[in-house]
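# Examination of the molecular architecture
The chain contents come next:
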Amino acid sequence: MSNNEALLVEPEVLSRVLSRGKSTGAEFSEVFVEDKRSTSAGLDDGKVEQVSSGRDRGAGIRVVKGDTTGFAHTSDLSEKGLLAAAEAAAAAASRGGGGVNSVSLNAVVRHPVNTIEKWPDEIAKRDKVAILQRVDSAARAVHKAIVQVSAGYGDSRKRILIANSDGVLAADEQVRTLLRVSVVASGDGGMQTGFQSLGHTIGFEVFDQNDIEELARSAAQQAVTKLSARPAPSGSLPVVIKHGSGGVLFHEACGHGLEADIISKGASVYKDKRGELVASPLVTLIDDGTMTAEWGAIGIDDEGHPSQRNVLIQDGVLTDYMWDYLRARKEGRRQSGNGRRQSYQHLPMVRMTNTFVLNGPHDPDAIVRDTKNGVYVAKLGGGQVDTASGDFVFGMTEAYLIENGEITEPLRDGNLIGNGPQVLRDIDLLGNDFAMGNPGTCGKDGQGVPVGDGQPTLRVKSLTIGGTAA
Amino acid sequence: MKVEVPELQAIADRIVAQAKPGEQVEAYVGRGGETSVRVYEGEMEHFVSAQSDGVGIRVIKDGRTGTAYAGTLDESAIAEVLAEARDNVQFGTRDEFAGLAMPDGVEPVPQKFWDDELANFPTESKVDLTKDLERRALAADSRVRSESANYDDGWGETAFATTTGIRTSGRANSCYVSVVTLADDGDETQTGFGFSVGDSPKDFDLDKAARDAADRATRLLGATKPSTKRTTIVLDPYVTSQFVSVLSSAFNGENVSKGRSIFADRLGEQVAVPFFTLVDDPTNKLAYTATDIDGEGLAARRNVLIKDGVLQMFVHSSYSARRMKTVSTGNATRGGFAGSPGVGCLAMQVTPGAKSQAELIASISDGVLIQEVSGLHSGVNPISGDFSTGASGMTIVNGAVGAPIREFTIGSTLQRMLQDIVAIGNDVDWLPMRAAGLSLVIADVTISGS
């Protein structure tokens, strides 16, 4: 990508739109322009049910006056359409009059973190569909108990352009490629499910670099294994979480609670805790938007700030929160590249990117051996947190009993529940086998954004397991 | 009464008229707008005013399906969408059941979806109303502070046309308010929320929304973690609504035909206790998700899913119906112009019993009142039936509500829970969800705590 590449909207037009946005006396105006093309294909019951194409294109205009933000969006990218949206946003932010001041923009900033080899729109749809058929065959071949396979392919190529009245002008091109496979196995005790996914911020080369048949077999094996699963225990037990499967634990246990918008309203258990020991000294937690090819990787955030690596917890001590433009401005500090939004139709807010815990000192096999009785979680599902109390849940979709230091019988699905600060303190063993996990979508205030997570194998000395067995 | 939208209908008709011989074409055209006001500590935090439009096109030829959409109604973009959908057709697998819905002669039940008073409600009043709601929540309890108060409204117009002869258009608007509060006690902070919905702002019950938000935040202060045991639980209407919504996928005819439902092969069997009846009735205007047509343009209708505990039927779109050699039940779902039709229940309701929640609780010597659940998406597996969610609520001791408890889970299976229902309340609450709420008493559920 060169700096001379055409922008979605000419800088001169952006300057005039930003000026119009500030015309009622606002301190800040911003234009976010997006042009996204996507393809998806779904296979179910052995058939490619449909291939679908999508195009989303438009601009969101934000105007800030005092503590009030006005926002409007439009799918009309002409100067007339943008000016009308700017007026609507300005009127929304302000009921009073004000002066006009002109906006001059700096040179365009680009900060690519990924290199794309095979752009999704240059790959034949036939090749995309073939991926699904390979996944279907591989999963079905695992066991005769496999009764259903569904698989989804998705890719998107999104160009964004952000300009604001502070002179910021930034552009990025974001590519995402995703594959999902769900498998149902049927046995004497009913049906069980398996799920795997693969997602990266690169193009079709992701399928050269990963073994998708193995991914499909793993989902199928998960479903087959659970056919003989027993009900999960109930009550509190030590829990060992396999590397690369439990990043969602940190996402829920503390990630959301470290977002500055939640902190600023006093709605987080981590408010006023900077400089304090909030986790086991084993834990160093990072949020890093620059992590090449990972699902939460972005060149710039959706406010035009280059992505960066932020240390949130260092050796158990809370070092910093995550920041967007508004919250950073209030504190008179730099933003941290965490201002994100679902699309041009949404306001940006503080969001995670790739959130992970660095390696600890322990041998992962020894972590299991040192656990007399407990639960080994090999795959986690989604989660949910109440940031104010710190209580959070997350689902286990592949788990086993640990008996006398050995992984034994498979367990049926269930939720685990814990309190964030308590769980962070209760991490008593941390492995040296770091791995990133599956692609995720993080939901907050009605908006979903792609995020990544990761961790080494670790043990929480006590978590409540939501099973039904005594 | 039904309001037609001729301008959008003309666009949909023009698209469908371009169908080539041997092609089925469906056009879904939509446009809409929203206002969103957020107030924090007496000041407006944000004001969003936005409009959007778009078109989705589905083309079926020789049993193969292709779709495409664009977030604009530009003539040139529409042509591109049709060309893309056509191009996509060749990559689908031939499916003898693929096809659009055919008109089935069922007349839609007329309902009112548009309110002029809401459409003309002034912006200043939206802001004042939101500030008022925040003040009321703060006044409801001195331990409460604000996280946000919100007013949201939206309007939408859609038009739908197919080469099979379905043509329909309509207009709808709606509004709601919500307030989120925080309550502190020493180091402990709890969250609460309250909301109110209506056809227009005059329907709002601001006091109830404010009181709910204050109650929910303060009632959990000082809550402890219960010990693990099997016990009887009472689901608050707000929780029952979520529980019933989870069951929706088990009635989904497409899931049944693909072997993904716990109810497959169980038609006519006793799947729940004999006093449990469940209907899906989007023609009931009281339901938040009431609608006159489904996602394929057929009339929405009342369907009895479980009667006296016996499984009566599955719900279908035209596709799932063809797969199972039956007819559509008017249960195609659709997520706007960008989505393709799926199958689902539209507006579920458990037939109410005779007792109030207080009367139900009075007959329980030892149990738990479940007021909130979390992690339904991560801990409930509608295919295996495994059910495990995070929960908070109150103990029930000797027929009365006792102390607050939190950070525990409730676990069972969907199959067992339907057979373990002990009593059903009369306290129907038409919540803004896919299922109405009421109190539901379920025995023999595992509470997992310390």
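Predicted, not measured: the structure shown is a model, and the values here were computed from it.

### Details of the overall build of chain A
The helix and strand tally for chain A stands at 10 helices and 22 strands. Relative to a compact globule of 470 residues, whose C-alpha radius of gyration would be 23 Å, chain A shows 24 Å and is just as compact. Sequence separation of 24 or more characterises 76% of the internal contacts of chain A that already satisfy a separation of 6 or more.

### Focus on the environment of Arg157(A)
Residue and element names in this part refer to chain A. For Arg 157, the position within the fold is in strand β4 (residues 146-164). Considering only alpha carbons, one finds Arg 157 and Gly 42, 115 residues apart in sequence, at a separation of 19 Å. Not counting chain neighbours up to four residues away, the residues in contact with Arg 157 comprise Arg 37, Trp 119, Pro 120, Asp 121 and Val 175.

### Section: the interface of chain A and chain B
Each side of the interface is counted separately: chain A has 66 residues, and chain B has 58 residues. Per-element accounting of the side of chain A that touches chain B gives the leading share, 12 residues, to strand β2 (residues 47-65) of chain A. Classifying every residue of the side of chain A that touches chain B by side-chain character gives 18 nonpolar, 33 polar and 15 charged. Sheet topology note: the strand β3 (residues 68-74) of chain A/strand β2 (residues 43-61) of chain B ladder contains 3 bridges and is parallel. When the bridges of β2(B) are listed, Phe71(A) appears paired with Val48(B).

### Re the domain arrangement of chain B
Split by domain assignment, chain B resolves into domain 1 (6-218) and domain 2 (222-242 + 352-448). For domain 1 of chain B and domain 2 of chain B, the distance between their C-alpha centres works out to 31 Å.

### Re helix α6 (residues 247-255) of chain A
Counting buried positions over the 9 residues of α6(A) gives 9, a clear majority of the element. Regarding α6(A), the residues found buried are Gly247(A), Val248(A), Leu249(A), Phe250(A), His251(A), Glu252(A), Ala253(A), Cys254(A) and Gly255(A).

### Details of the domain arrangement of chain A
Residue and element names in this part refer to chain A. Parsing chain A into structural domains produces domain 1 (11-226) and domain 2 (234-466). Computed from C-alpha atoms alone, the centre-to-centre distance between domain 1 and domain 2 is 23 Å. The partner domain 2 presents 28 residues to the 36 residues of domain 1 that form the contact. Looking at the side of domain 1 that touches domain 2 residue by residue, the classes come out as 15 nonpolar, 14 polar and 7 charged.

### Considering the pairing of strand β1 (residues 28-44) of chain A
All names here are of chain A. Pairing geometry for β1 and β2, over 17 bridges, is antiparallel. Pairing of Thr 39 across the sheet is with Ser 53, part of β2. Where β1 hands over to β2, the hairpin turn is made up of 2 residues, of which Asp 45 adopts a positive phi near 55°.

### A closer look at the nonpolar core
All names here are of chain A. Counting residues in each nonpolar core, the largest one holds 265 residues, and the members touching the most others are Ala 89 and Ala 139. If you tally residues by element for this core, the top one is strand β5 (residues 169-187), at 9 residues. With near-sequence residues (within four places) excluded, Ala 89 lies in contact with Gly 21, Ile 61, Arg 62, Val 63, Gly 70, Phe 71 and Ala 72.

### Re the packing of helix α4 (residues 123-140) of chain B against helix α5 (residues 206-219) of chain B
All names here are of chain B. Put simply, α4 and α5 touch, their axes get as near as 8 Å, and they point 45° apart. Relative to α5, the element α4 lies oblique. For α4 against α5, the interelement crossing comes out right-handed. From α4, Asp 132, Leu 133, Arg 136, Ala 137 and Ala 140 reach across to α5, where they touch Leu 206, Asp 207, Ala 209, Ala 210, Arg 211, Ala 213 and Ala 214. Across the contact of α4 with α5, the residue classes break down as 8 nonpolar, no polar and 4 charged.

Thresholds, definitions, all that
Residues numbered from 1 in each chain as written. Chains lettered and ligands numbered in written order. Predicted model: local features only at pLDDT ≥ 70, side-chain atom pairs only at ≥ 80, totals over all residues. Helix = DSSP H or I, 4+ residues; strand = E, 2+ residues; numbered from the N terminus. Rg over C-alpha atoms; globule rule 2.2 N^0.38 Å. Contact = placed C-beta atoms within 7 Å. Nonpolar A, V, L, I, M, F, W, Y, C, P; charged D, E, K, R; others polar. Pairing = 2+ DSSP bridges. Domains from an automatic or database assignment. Buried ≥ 20, exposed ≤ 12 C-beta atoms within 10 Å, placed from the backbone. Core = buried A, V, L, I, M, F, W, Y, C linked by C-beta atoms within 7 Å. Axes fitted to C-alpha atoms, helices over the stretch in contact; angles between N-to-C directions. Parallel < 35°, antiparallel > 145°, perpendicular 65-115°, else oblique. Left-handed = near helix turned anticlockwise from the far one by under 90°.

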